[in-house]
Amino acid sequence: MNIWRGAACAAVVAVPIQVQVAWAGEQPLYAPVPAWVTVARLPDTTSGSATGGPILYDVQQRVDGATVWNYVDTAIKLDTPEALSQNSNLTLAWSPDKGDLIVHQVAIIRGSEEIDALAGGQKFTVLRREQSLEQRELTGILSATLAVEGLRVGDVLRLRMSITAKDGALGGRAQLAQPIVAEPVKIASASYKLSWRAGEDTHWKALSGNVDAKPKRVGDFFELPVPMPVAKLAEIPGDAPGRFQRLPLIEASTFASWADVSKIMAPLYATEGTIAADSALAGEIATIKAATDDPLKRTAMALQLVQDKVRYLAVGMDGGNYVPQTPAKTWEVRYGDCKAKTLLLLAMLHAMDIEAEAVLAHADMGDLVVARIPSALAFNHVIVGAKIGGETLWLDGTGLGTRLPDIRDTPALGHVLPIRAAGADLVQIALKPPARPIVDLMLEADESTSLDLPSVIDLTMVVRGQLASLITLANSQLGAKEQRELTEKFLQHYVGEAQYETLATTTDADAGSITIKGKGVFTTGWRREDQRMERWLSRVPSMIAFEPDRARASWADIPVATPTPDLARYRLRIRLPDGGKGYAIEGDSTVDAQVAGFDVKRTVTMEGGFVTIDEWLATAGREIPANQVSVERDRTATLVARSPRMVAASDARRRWNLKGAASTSQLDSASAIFAKAAEQSDEEDVTALTSSASFHQGIGDYKGAIAALTKQIALLPSVEAYLARSAARKELGDIVGALADAEEARKLDPASQGAIFSVAMLVAERGDVAKASAMLDERIALGGKTRDDYRMAKATVVGEFGDAAAAIAELDALIAAKPGVPNLLNARCWIKASRNVQVDTALKDCTAAMELSDSTAAILDSRALVWMRLGRHEDALRDLDAALLQVPGMGSSRFLRAIVNKRMGQAAAAAADLAIARQMSPSTERDYARFGLKP
């Protein structure tokens, strides 16, 4: 088993390479089952009690001196052709430098007959498959493969084999870790037995926490039998510290203590004589020494050299699982794993008289180490611990981008073990936030024209450390277009989707950072809340959540783990409309608090028409005690609720009222950016054209929207693009062009509901209601889930352009079959009001629809027309005001309110609404003229 296969010793970038060559050396042995093994009885496969898949799984392990013998007996029932196909090839892996693979039996059980699958001279073929090269790891593991001949559906395939392991690097100690089967896994027969020689100091532990087994002496050995599957592992909350986790694993070792592990490993990291005086590596050390006398700076320079000039590649062959490559070899070949990089860095520091030692760690489960038995298997990584000025620095040669300012940063490795000749105990790394922000984001936002327009943002992001190095490495392997796509995806995580006019990344190798600069348009951050426009300024609501579940009695005392060390800075400066007149900040502008494991520092200021926020968020892997959870939850909720937000002026300029704006820079810049992005679009990405069309439509520029959609259709035709252009053409009164686009959409997808509805409506508008109805009748006749949708569409088309009574009758039938559907009730109300028929019952329909609906703007619009037909203009105005509070840009309500205001003698208000209606929805005036409604 290769203990150095953890995340920290894994590749930083995948390299798609795989080697598969025949191995001419080691071969498996063929021998009987050893005498100490108790052979398991095969379950009855004929009674029906054994189902397909594994029916026998028996593992027996023996520790004898420095050797661990691993015996495994498996049987699989091949009751389907799929099971036969998946299990007819056997593959057995082992490390030849540690021990032997011994095949005891490969048998086919067919009814009462047992067939020796090796009797005909079949042998395993040995291959070396370096499948872990994608993780930059050479393991040296061999694979013995056998295609079992003569297998049939219904057979049982049984394999009994052993693998021995003895590692010379362990100083005569033995260790093992074995997964165990736990419920709800079902298997007919499963068992585990661990044995060790009496008199040897062997320790064992089940990390599952639910194995109640006692060893008993049998002859010269102790035996520990464990029936499997064991009980289901106790569930642990996902935010619990690692030491509370339960693993389906049994481990054992003959190490006496953690100090014993430390002492045994110490000779492997001795540095004396590892760097020749006249070597190239000695020259590198001399260069560092000549550059500075400061031991801290020397340490940082040595770490940078190891990180930047030695690529990662783990070599686990020829004893390499624990034995590091020599510094001279590492520098010569310029590659190495965590062991090699640690020894290289250690040798360099010792050569500069800097106190340092190797430190064992586990990259993923460091908090669990303290709960494990002492063994080298508790670790999968190794770093350097250097002491300078009485302070311990934790240095990882496999990391990237560490520079002098970061030298005191602390890795989240939990409990680690210093490697010393005299031995050492576990040490817990005290965590703190990084010295420099990993991400430092500055946004300059121009929102000076209108709240509704996209923000025009100048972005500067500095990324440091390993993240910066990974981005640099990835970009070095990509073309210009792919680099930009990668950068946009990365930025999306922090700032959302955007269309960029410019985007550039520069690298600062000395600082270990990259800087991304860009200018683009971003979706506006303003939202309507409680009848006013608001914009969140802080990142706290999206970054901090504290909702631990400790409701179960068994979880009541488990603390909450918070995020590992990180530091981010976020700055936002917004240029407000109208110089900020009437705008206000609500919430806590100044904060310096520690909440839910986060250190939050914030200042918000508003001056000269600009609002500026500067916010720092830091974490250090703190734990929240269980008895503080409720208090911390309340503090977090308060912090989030009190996060600062900008509240707009009550008369803030909106997208339908851009004329006369004090500043048009936001509008002008957004238009230019969309135009440039549209020019750069191609058939692989038409997002910019889609966004451009939406932008132009949003400000009532339907010609601009049509132009963008026309370019999009030329590059990549789609149902959505054709229907969008159809709608824009209809707004401009081009019914022929609108119908042509809708028909093209239907050609692309004949079953598209949107396309069918649009074609039917436009055909009816051109005067052929019968044709439109027939088209919808065809879909209705097909039945299915969409039948009622098409019935409602038909009622809408007929109600708009044909026989209103027939449309109402259709809706009557639908409502009778599906009572309480607000859309149906509103549709019937609208037809009655717009066609001025059965108006006396329309009010009841609209009111019922409102009572059943969460979104009432469209229903209020319909009911306002009912009030108008009834001559109750004040009631109509009240409903229209309410509708426009929900959807201020709704053209139909603006148009109706213009009529009502005019009738009530409010000429100025009527003119203002009519102008907005004509801008935002020019088709409304033509449509309503059919109903006798004119301003």
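What you see is a predicted model, and the numbers here were worked out from it, not measured in a lab.

Conventions and cut-offs
Residues numbered from 1 in each chain as written. Predicted model: local features only at pLDDT ≥ 70, side-chain atom pairs only at ≥ 80, totals over all residues. Heavy atoms only, no water. Helix = DSSP H or I, 4+ residues; strand = E, 2+ residues; numbered from the N terminus. Polar contact = N/O pair within 3.5 Å; in protein donor to acceptor, adjacent residues only side chain to side chain. Contact = heavy atoms within 4.5 Å. Pairing = 2+ DSSP bridges. Axes fitted to C-alpha atoms, helices over the stretch in contact; angles between N-to-C directions. Core = buried A, V, L, I, M, F, W, Y, C linked by side-chain atoms within 4.5 Å. Buried < 20%, exposed > 50% of the residue type's maximum accessible area, 1.4 Å probe, protein only. Disulfide = S-S within 2.5 Å. Expected span 1.5 Å × (residues − 1). Arc of directions from axis to C-beta. Parallel < 35°, antiparallel > 145°, perpendicular 65-115°, else oblique. Left-handed = near helix turned anticlockwise from the far one by under 90°.

Participant: Any chance you could explain the side chain of lysine 832 here in plain terms?
Facilitator: Among the structural elements, lysine 832 can be located in helix H20 (residues 822–834). Within the structure, the side chain of lysine 832 is placed 3.0 Å from the side chain of aspartate 845, a separation counted as a polar contact. Apart from residues no more than four positions distant in its own chain, lysine 832 is found in contact with Ile808, Val837, Gln838, Val839, Thr841, Ala842 and Asp845.

Participant: Can you walk me through the sheet that holds strand S30 (residues 526–529) in this structure?
Facilitator: Whenever strands of a sheet pair, they do so through backbone hydrogen bonds, lying parallel or antiparallel. Read from one edge to the other, the open sheet built from 4 strands follows the order S30-S31-S39-S34, with strand pairing classed as antiparallel. The open sheet has two edge strands, S30 and strand S34 (584–586), and neither has a second partner. For this sheet, the mean inter-axis angle between neighbouring strands, taken without regard to orientation, is 35°.

Participant: I tried to follow the pairing of strand S16 (residues 221–228) on my own but got confused; where do I start?
Facilitator: On a regular strand, each side chain points to the face opposite its neighbour's, so the side chains alternate between the two faces of the sheet. Taken together, the 8 bridges between strand S13 (residues 189–197) and S16 define a ladder with antiparallel strand orientation. Residue pairing across strands places arginine 197 opposite phenylalanine 221, the latter belonging to S16. Pairing of strand S15 (residues 216–218) with S16, which is carried by 3 bridges, proceeds in the antiparallel orientation. Bridge assignment links arginine 217 to a residue of S16, and that residue is phenylalanine 222. Linking S15 back to S16 in an antiparallel pair, the connection comprises 2 residues, with glycine 219 at a positive phi of about 65°.

Participant: Hey, could you run me through the nonpolar core in this one?
Facilitator: Considering soluble globular proteins, one finds that nonpolar side chains tend to be buried as a cluster. Residues Met868 and Leu933 are the most contacted members of the largest nonpolar core, which totals 65 residues. Once residues lying within four places of it in the same chain are set aside, the contact partners of methionine 868 are His873, Ala876, Leu896, Ile899, Val900, Arg903 and Leu933. The next biggest cluster of nonpolar side chains, apart from the first, holds 52 residues, and it includes Ala302, Trp331, Cys338 and Ile354.

Participant: Would you mind going over the state of the cysteines with me for this structure?
Facilitator: Disulfide: a covalent bond formed between the sulfur atoms of two cysteine residues. Per the stated rule, a full pass over the model turns up 1 disulfide. What pairs with cysteine 829 in a disulfide is cysteine 846, and their sulfur atoms sit 1.8 Å apart. When the S-S torsion is -95°, as for the bridge of cysteine 829 with cysteine 846, the disulfide is left-handed. On the criterion of sequence distance, the pair formed by cysteine 829 in helix H20 and cysteine 846 in helix H21 (residues 839–852) is long-range, its members being 17 residues apart. There is no split in this pair, since cysteine 829 and cysteine 846 are both buried.

Participant: Where do I start with helix H25 (residues 907–920) in this structure?
Facilitator: If you check H25, its first and last C-alpha atoms are 20 Å apart, about what 14 residues at 1.5 Å a residue would give, namely 20 Å. Every buried residue belonging to H25 is among Ala910, Asp913, Leu914, Ile916, Ala917 and Met920, and all of these are buried. When H25 is viewed along its axis, its buried side chains cluster within an angular range of 165° and face the same direction. Relative to its buried face, H25 has exposed residues pointing more than 90 degrees away, namely Ala907 and Ala908. Elements that come into contact with the buried residues of H25 comprise helix H12 (687–698), helix H13 (702–715), helix H24 (891–903) and helix H26 (923–929).

Participant: Sorry if this is basic, but what is going on with the packing of helix H14 (residues 719–731) against helix H16 (residues 753–765) here?
Facilitator: Geometrically, a packed helix pair is captured by the angle between its two axes and the distance between the axes. Look at H14 against H16: their axes get within 11 Å of each other, and the N-to-C directions meet at 25°. If you check the angle between H14 and H16, you find them roughly parallel. H14 and H16 meet at a crossing whose hand is left-handed. Counting all contacts with H14, which are made through Leu723, Ser726 and Lys730, the residues of H16 involved are Gly754, Ala755, Ser758, Leu762 and Glu765.

Participant: I tried to follow helix H22 (residues 857–869) on my own but got confused; where do I start?
Facilitator: In an α-helix, one turn spans 3.6 residues, which is why side chains three or four residues apart end up on the same side. With 13 residues, H22 should reach 18 Å at 1.5 Å per residue; the first-to-last C-alpha distance of 19 Å fits that figure. Burial within H22 is extensive, with 11 of its 13 residues counted as buried. Among all positions of H22, only Ala857, Ile859, Leu860, Asp861, Ser862, Arg863, Ala864, Leu865, Val866, Trp867 and Met868 are buried. Where H22 is buried, its residues touch H20, H21, helix H23 (873–886), H24 and H26. Once H22 ends, the next one or two residues include glycine 871, with phi positive near 80°.

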